[in-house]
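Descriptive structure summary
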Amino acid sequence: MNDARPETGYQTPETAIRLHHELDAVWGSGHGLERLSAVNHTVVGKRFMVTALVFFAIGGVLAMLIRAQLASTNSAFLDAAQYAQVFTMHGVIMMFLFAIPFFEGLALYLLPKMLGARDLAFPRMSAYGYWCYLFGGSFLVAALIFGIAPDGGWFMYTPLSSRPFSPGINADVWLLGITFVEISALAAAIEIMVTILKLRSPGMSLTRMPIFAWYMLVVAGMMIIGFPPLILGSILLEVERAFDLPFFDPTRGGDPLLWQHLFWLFGHPEVYIIFLPAAGALSTIIPVLCRTRLEGYGLIVAAIVAMAFLSFGLWVHHMYTVGIPHVALSFFSAASALVAIPTGIQIFAWLATMAHGRPRYSIPMLHVFGFFFVFVAGGLTGVMLAMVPFDWQAHDTHFVVAHLHYVLVGGFVFPMMAAAYYWLPHITGRQPVQHLSKPAFWLVFIGFNVTFFIMHLTGLRGMPRRVFEYPQAAGWEVLNFISSVGSFVMTIGFALVALDLIMLIRHGRPFRRDPWEAGTLEWATPTPPPSYNFGSLPHIDVRADALEPRSLGPELAAGRGYLGFMRNGWMETLTVDMVSGRLDHVVVLPRPTYLPLWTAMATAAFFASLLAKLYWLTPVAFVVVIIFFFLWTPATGLKQDIGPLEIGRGERALHHQEVAQPPSWWAVVFALAANATLYTSLVFGAFFLWLSAPNWPPPDLDFTFVLPSLVGAGALVMAAIAGRFADGQPGRTVTSLAVTLGAHVISVGAVAVLLMSIPAPTGHAASASAFAVAFYVALQAAIGAVLAIYGLWRWNSGYIGPSRVLDLRIGRLWHDYTAVAGLIGLAFPFVLQSLTGIGGR
């Protein structure tokens, strides 16, 4: 950042073409290898989608191997070990490497355009998330090639995945690889949430948002709450495998059921996390294809919020047969049935929209019809499985596999194919030619139903899932053979879809703007869209699905909106008040940089060192990651107060470094929410073990480390208080930050003493739990110390001033959270000891 005072005014270019050239020179992502530095949301979104489709193809090939194996009795096509790896990787790829990344890519590509912004809130974080996803996914696929892929099922149930029963590194590949990939998902969730809440066009209140943004807002919130339990479970299981701390070992106070709870706390909401973006695409596409407005906009918003809430109360319906008390079974069974109500509201709203409009029977609509048939059938079998007596009969049979595929393929793949045909013209600037579209659809539709409808019958006749062979006397061979034939028909259909889309990209009919006569803002951009999306940003005064892109687009391209100019070479966009949509401030985004790539490579080195058991390298890689993240920060800082900036249309707004709560402040709030969810899951896990695990209470447990606990608690409170002084007392910033740093160092030291005082963490789950909670507190305090050092560096470098205290406010959030979490963590051993005095099971 140049030390000279930046210009605060502007000069509008004389022509739209000149404006385009000036904007593209700054927002463009370069050519050739230079594209590796791209952080633009259009580029990153497309990368996510293309990579997800590559993984989908790999997962499809694995599915064919499964169906080839099961087509006949006692098949010798695959042996047991190969089959275990193939079916595990099929599930892993489809759930973690295809479905979630694909809709993330679609959301990253579409949201700024739909909301009237020039980019996402944190473009470098999106790019970093993509590289983590690519490296983590490649990590897993490479393991499959070398024969060391995970083989314990995509759910990795313990004790099968524990070291005594899975002694190789196959399970470690899953645990570390999935954790690596989930970093990408959490980064995307925070990115999406902040972007939707803050980076909208002025005037676009929450009630005027396009319905797709509502869906993605709810999904991002679910990801922030739903993913940390899985990340925690993966960490605990890897710690048990690598360092022998017994969280899941029943002989030492652990419980395999803890893994199931943590996994399904993530796993069941994930089904809705996958379905809701597809439903958001349907709610956007159906009104356009029916040439009318969406019926029941408000009711749909209420339904998706209700669905998100209910989805977190359903995880136990995957565990009906593990010995849950009957009262709990009744609650979860009722909750599982209730979720059909918000689902039904959305389906009836779509049907009402179609009934009130004049449907165009185009290719996207054909896939919408496919969705209705397949997803509703899957929903009905879901209600059947929600009933405890039926679930006990069908549990772990191919009936469940068929239901899962009807819900996920019906609820995600068909809507996404409709979305592809609907939005590919926007991405490519070309319309479909439709020579292969219809036969491709029918092959997929017929092949899918032949495969999985028959599989319901196979399951009802008792065939268990996950078996690699079956005897001829079981009578399942004919049904399995029909399913396998259907699966190959479906594969041919998908191959034709891929060929058809390639034909569209290469030979489709060019067009200018908005071929569907839609009412949403993304169609106001030229197609394919330029790097900056809009020549100027609009003011929205109606609901954002009732606009007129064909007339609005040229107005914006000519610079007749906000920010229709270049200033200081800055990449500027606007933020608004979260609820009202009132103009808030200007955000200056970072230019393209290789730092996300380098940071992701360092993160990959961190996980690779853990997998290779090179533990001496792990802290080195961690420090390198932290250093790279620090290098991200100067690009968007200010060394002077500059006051309000002119933004066009006669209005002025502050730079994001000079406001109290810019997007980065909100990002830390949401990151802390995810952090708190992980911490809550950890404490919940310990109390679950006390309540239900065998071999409790532990023998001779003594957590008498009062002094280090008191010193640690006092230091954490002092760090939080000093952090507040640093933010609120400009003359005492350096002193307060120094006190904050010292207090965090003292707290880390006190907790280190406490960690060494815990008796035999490998001996019993109680000690292991106390060790894990204390380690968590020490880690939070250590990060707090790093943030204090960062604050001192930013102060010394001139990035902090009377109006520029963002870095201190972010630090203050962390110090406050660490104090609260630390006090709970330091009291935890004493509470646990008092409870063990009462006795567990």
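These figures come from a predicted structure and were not determined experimentally.

1. Structural notes on the sheet that holds strand E5 (residues 645-648)
Read across the open sheet, the 4 strands follow the order E3-E4-E6-E5; overall the sheet is mixed. Two strands close off the open sheet at either side, each with one partner strand: strand E3 (571-576) and E5. Adjacent strand axes in the sheet meet at a mean angle of 45 degrees when their direction is disregarded. As paired strands, E5 and strand E6 (residues 651-655) are joined by 3 bridges and run antiparallel to one another. By the bridge assignment for E6, Glu-646 is matched with Arg-652. The strands that helix H5 (residues 170-198) touches are E3 and strand E4 (583-589); relative to E3, the one it contacts most, it runs at about 70 degrees.

2. So, the environment of Glu-555
Note that Glu-555 resides in helix H16 (residues 549-557). Through-space distance from the C-alpha of Glu-555 to that of Ala-16 is 9.6 Å; in sequence the pair is 539 residues apart. Apart from residues no more than four positions distant in its own chain, Glu-555 is found in contact with Ser-536 and Arg-560.

3. Some remarks on the pattern of salt bridges
Summed over the entire model, instances satisfying the criterion amount to 18 salt bridges. Here Arg-163 makes a salt bridge to Asp-172, at a shortest N to O gap of 3.7 Å. The class of Arg-163 is partly exposed, set by a relative accessible area of 30%. Relative accessible area serves as the criterion here: at 0%, Asp-172 is assigned to the buried category. Asp-172 is the partner of Lys-613 in a salt bridge, and the nearest nitrogen-oxygen pair spans 3.7 Å.

4. Digging into unusual backbone geometry
Put simply, Thr-158 and Pro-159 share a cis peptide bond, and its omega is 5 degrees. Tracing the sequence through the fold places Pro-159 in the loop between helix H4 (123-145) and H5. The peptide bond linking Thr-527 to Pro-528 adopts the cis configuration, its omega dihedral lying at -5 degrees. Position of Pro-528 relative to the elements: it lies in the loop between strand E2 (509-510) and H16. Of note in the backbone geometry, Arg-291 takes a positive phi value of approximately 55 degrees without being a glycine. Tracing the sequence through the fold places Arg-291 in the loop between helix H7 (256-289) and helix H8 (297-311). Unusually for a residue other than glycine, Arg-649 sits at a positive phi of about 55 degrees. Given the relative accessible area of 49%, Arg-649 is considered partly exposed.

5. Remarks on helix H18 (residues 618-631)
When the terminal C-alpha atoms of H18 are compared, their 20 Å separation across 14 residues agrees well with the 20 Å that a helix rising 1.5 Å per residue should span. Every buried residue of H18 is accounted for by Thr-618, Ala-621 and Val-625. Viewed along the axis of H18, the buried residues span an arc of 65 degrees, placing them on a single side of the element. Those residues of H18 hidden inside the fold are in contact with helix H17 (595-611).

6. Some words on the environment of Phe-55
Counting through the fold element by element, Phe-55 comes out in helix H2 (residues 41-70). Spatially, the C-alpha atom of Phe-55 lies 10.0 Å from that of Leu-134, the residues being 79 residues apart in sequence. Residue contacts for Phe-55: discarding those within four places in its chain leaves Ile-93, Leu-97, Tyr-133, Gly-137, Ser-138 and Val-141.

7. Examining the nonpolar core
Ranked by internal contacts, the top residues of the largest apolar core, which has 261 residues, are Trp-174, Trp-350, Phe-412 and Trp-423. Looking at this core element by element, the count peaks at 24 residues for helix H3 (residues 80-115). Aside from chain neighbours lying at most four places away, what touches Trp-423 is Leu-106, Leu-110, Met-114, Ala-281, Thr-284, Ile-285, Glu-522 and Trp-523. One finds Val-26, Met-571, Val-587 and Leu-589 within the second-largest nonpolar core, a separate group that totals 9 residues.

8. Re a nonpolar patch on the surface
On the surface, Trp-442, Ile-446, Val-450, Val-478, Phe-481, Ile-482 and Val-485 cluster together into a nonpolar patch covering about 620 Å² of accessible area. Those elements that provide at least two residues to the nonpolar patch are helix H14 (437-460) and helix H15 (477-507). Examining the composition of the nonpolar patch, we find that 4 residues originate from one element, H15, more than from any other. By secondary structure assignment, the location of Trp-442 is in helix H14.

9. Some points on the UniProt feature "domain: Cytochrome oxidase subunit I profile" (unreviewed entry) in the chain
UniProt annotation of "domain: Cytochrome oxidase subunit I profile" (unreviewed entry) refers to residues 21-541 when read in the numbering used here. Between the C-alpha atoms that bound residues 21-541 there is a distance of 29 Å. The span itself is 68% helix and 1% strand.

10. Focus on the packing of aromatic side chains
Taken as a whole and judged by the stated rule, the model has 65 aromatic pairs. Here the aromatic rings of Tyr-130 and Tyr-133 are separated by 6.3 Å at their centres, their planes lie at 70 degrees, and the arrangement is edge-to-face. With a gap of 3 residues between them, Tyr-130 and Tyr-133 both fall in helix H4, about one helical turn apart. Judged by relative accessible area, Tyr-130 falls into the buried class, the value being 7%. Each residue in the set Phe-96, Trp-154, Phe-155, Tyr-157, Trp-174, Phe-227, Phe-248, Trp-259, Phe-263, Trp-264 and Phe-266 is aromatic and connected to the rest through ring pairs, giving one cluster. Here Lys-113 stacks its cationic end above the ring of Tyr-109, 3.9 Å away from the centre of that ring. Over the aromatic face of Tyr-562 sits the side chain of Arg-649, whose NZ or CZ is 5.0 Å from the ring centroid.

Calculation rules
- Residues numbered from 1 in each chain as written.
- Predicted model: local features only at pLDDT ≥ 70, side-chain atom pairs only at ≥ 80, totals over all residues.
- Heavy atoms only, no water.
- Pairing = 2+ DSSP bridges.
- Helix = DSSP H or I, 4+ residues; strand = E, 2+ residues; numbered from the N terminus.
- Axes fitted to C-alpha atoms, helices over the stretch in contact; angles between N-to-C directions.
- Contact = heavy atoms within 4.5 Å.
- Salt bridge = Lys/Arg side-chain N within 4 Å of Asp/Glu carboxyl O.
- Buried < 20%, exposed > 50% of the residue type's maximum accessible area, 1.4 Å probe, protein only.
- Expected span 1.5 Å × (residues − 1).
- Arc of directions from axis to C-beta.
- Core = buried A, V, L, I, M, F, W, Y, C linked by side-chain atoms within 4.5 Å.
- Patch = residues over 30% accessible without salt bridge, like charges linked within 9 Å, V, L, I, M, F, W, Y side chains within 5 Å.
- Areas by Shrake-Rupley, 256 points an atom, 1.4 Å probe, with all protein chains shown as cover.
- UniProt positions renumbered as here; feature names shortened; annotations may be inferred.
- Phe/Tyr/Trp six-rings, centres within 6.5 Å; stacked < 30°, edge-to-face > 60°.
- Lys NZ or Arg CZ within 6 Å of the ring centre and 35° of its normal.

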